[in-house]
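Commentary on secondary and tertiary structure
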Amino acid sequence: MIRTIINDKSTRLFILLGGFFIANAIVAEVIGVKLFSLEKTVGIEPFNLSIFGNAFSFNLTAGVLLWPVVFIMTDIINEYYGVKGVRFLSFLAAALIAYTFIMFQGAIGLTPADFWVGNYKNQQIDNANEAYRVILGQGSWIIIGSLAAFLIGQILDVLVFHSIKRMTGEKAIWLRATGSTLVSQLIDSFVVLFIAFYIGPRVSRNQGEPWSLNLVMAICVGNYIYKFIVAIIMTPVIYGVHALIERHLGHDLAAEMKRQAMTKGS
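Presented here is a report on the structure given in the accompanying data block. (Residues numbered from 1 in each chain as written. Predicted model: local features only at pLDDT ≥ 70, side-chain atom pairs only at ≥ 80, totals over all residues. Heavy atoms only, no water.)

**Some details on the packing of helix α2 (residues 9-31) against helix α4 (residues 67-108)**
The cut-off we apply is this: Structural elements are reduced to axes, namely lines fitted to C-alpha atoms, with helices fitted over the stretch in contact, and the angle between N-to-C directions of any two is expressed from 0 to 180 degrees. Working definition: helices are DSSP H or I runs of at least four residues, strands are E runs of at least two. Numbering for both runs from the N terminus. Our angle categories are set so that under 35 degrees counts as roughly parallel, over 145 as roughly antiparallel, 65 to 115 as roughly perpendicular, and the remainder as oblique. Left-handed describes a crossing in which the near helix is turned anticlockwise from the far one by less than a right angle; the clockwise case is right-handed. Think of it as three bins: nonpolar holds Ala, Val, Leu, Ile, Met, Phe, Trp, Tyr, Cys and Pro, charged holds Asp, Glu, Lys and Arg, and polar takes everything else, Gly as well.
Direction vectors running N to C along α2 and α4 enclose 45°, while the axes themselves pass 7 Å from each other. When the axes of α2 and α4 are compared, the pair comes out oblique. Taken as a pair, α2 and α4 cross one another with a handedness that is right-handed. A per-class count over the contact of α2 with α4 returns 25 nonpolar, 7 polar and 1 charged.

Laid out in structure tokens, this is it:
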């Protein structure tokens, strides 16, 4: 039976795309605890843009390095497997992300070995257990906001993608792929910041100082500018992935899968 599954081109492709999609979603959540300066990383001075009365530089979560890949995978899966395929993988990814953070909490709660706590002092880490707790123990409201934004963004991406494809047919891959990502990421950016930094600190006292709505909007716009630029830059990659898949599946099978994705995918 397993040989039949692996030898079926469409099934094998779904497993490969789904595995890469879920792996990137989980890794993006885990590495997202680090904030980095985009300007300084590329060797320029911070822009200090004035947005909604707040100074903004491109200090971004490291997760933005992988989220463009996740949304490209969303569009590719949407193209060949339809709404049901994306919906299945999105809910599975969200469940596995939640599971990952639950396991992190369990690991954080373990009593550390005495020798391990000071094992990294030569690397300027006085207490390895505290470093472990801080890095892996992200705030609960950040996790809630991130998961909510992920699911809303995915659902919106699917709806916009199919709406554009119904109007354009097989033409303008760039429009449905890039357009759906740009719309979904605008909402995604706002939802995660609003829940994690506006609602969360007002509900739980241990979540830090609450952000003003103006600050939420400023950071949202700044993050969206970055995502907008990356979505445009990644457009040729989408065409490249499409070409590889078409070659792998063959014209007839690819055409039939895309037809079924539109007619039976909802």
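**Some thoughts on the pattern of salt bridges**
Side chains carrying opposite charge are able to pair once their charged atoms draw close together. Here is the rule we go by: We define a salt bridge as a side-chain nitrogen of Lys or Arg found within 4 Å of a carboxyl oxygen belonging to Asp or Glu. Accessibility here uses a 1.4 Å probe with only protein chains present; expressed as a share of the type maximum, an area under 20% marks a residue as buried, one over 50% as exposed, and anything in between as partly exposed.
Taken as a whole and assessed by the stated rule, the structure comprises 6 salt bridges. One salt bridge connects Arg 176 with Glu 79, and the closest N-O pair in it is separated by 3.0 Å. Within this pair, whereas Arg 176 is found in helix α8 (residues 173-203), its partner Glu 79 is found in helix α4, the two being separated by 97 residues in sequence. According to the relative accessible area criterion, Arg 176 is buried, its value standing at 0%. Several salt bridges converge on common partners, so that one network encompasses Glu 79, Lys 165 and Arg 176.

**Let's talk about the packing of aromatic side chains**
Formally: Aromatic rings from Phe, Tyr and Trp, with only the six-membered ring used for Trp, were paired whenever their centres fell within 6.5 Å, and each pair was classed as stacked if the ring planes differed by under 30 degrees, edge-to-face if by over 60, and tilted otherwise. Lysine and arginine charges are scored as sitting over a ring when NZ or CZ, respectively, is within 6 Å of the ring centre and within 35 degrees of the ring normal.
Under the definition given, this model contains 10 aromatic pairs. A centroid spacing of 5.2 Å and a plane angle of 80° characterise the contact between Phe 56 and Phe 58, whose relative ring orientation is edge-to-face. This pair shows no difference in class: Phe 56 is buried, exactly as Phe 58 is. Members of the aromatic cluster, joined through ring pairs, are Phe 47, Phe 56 and Phe 58. One residue, Arg 202, lies across the ring of Tyr 198, its end atom 3.9 Å from the ring centre.

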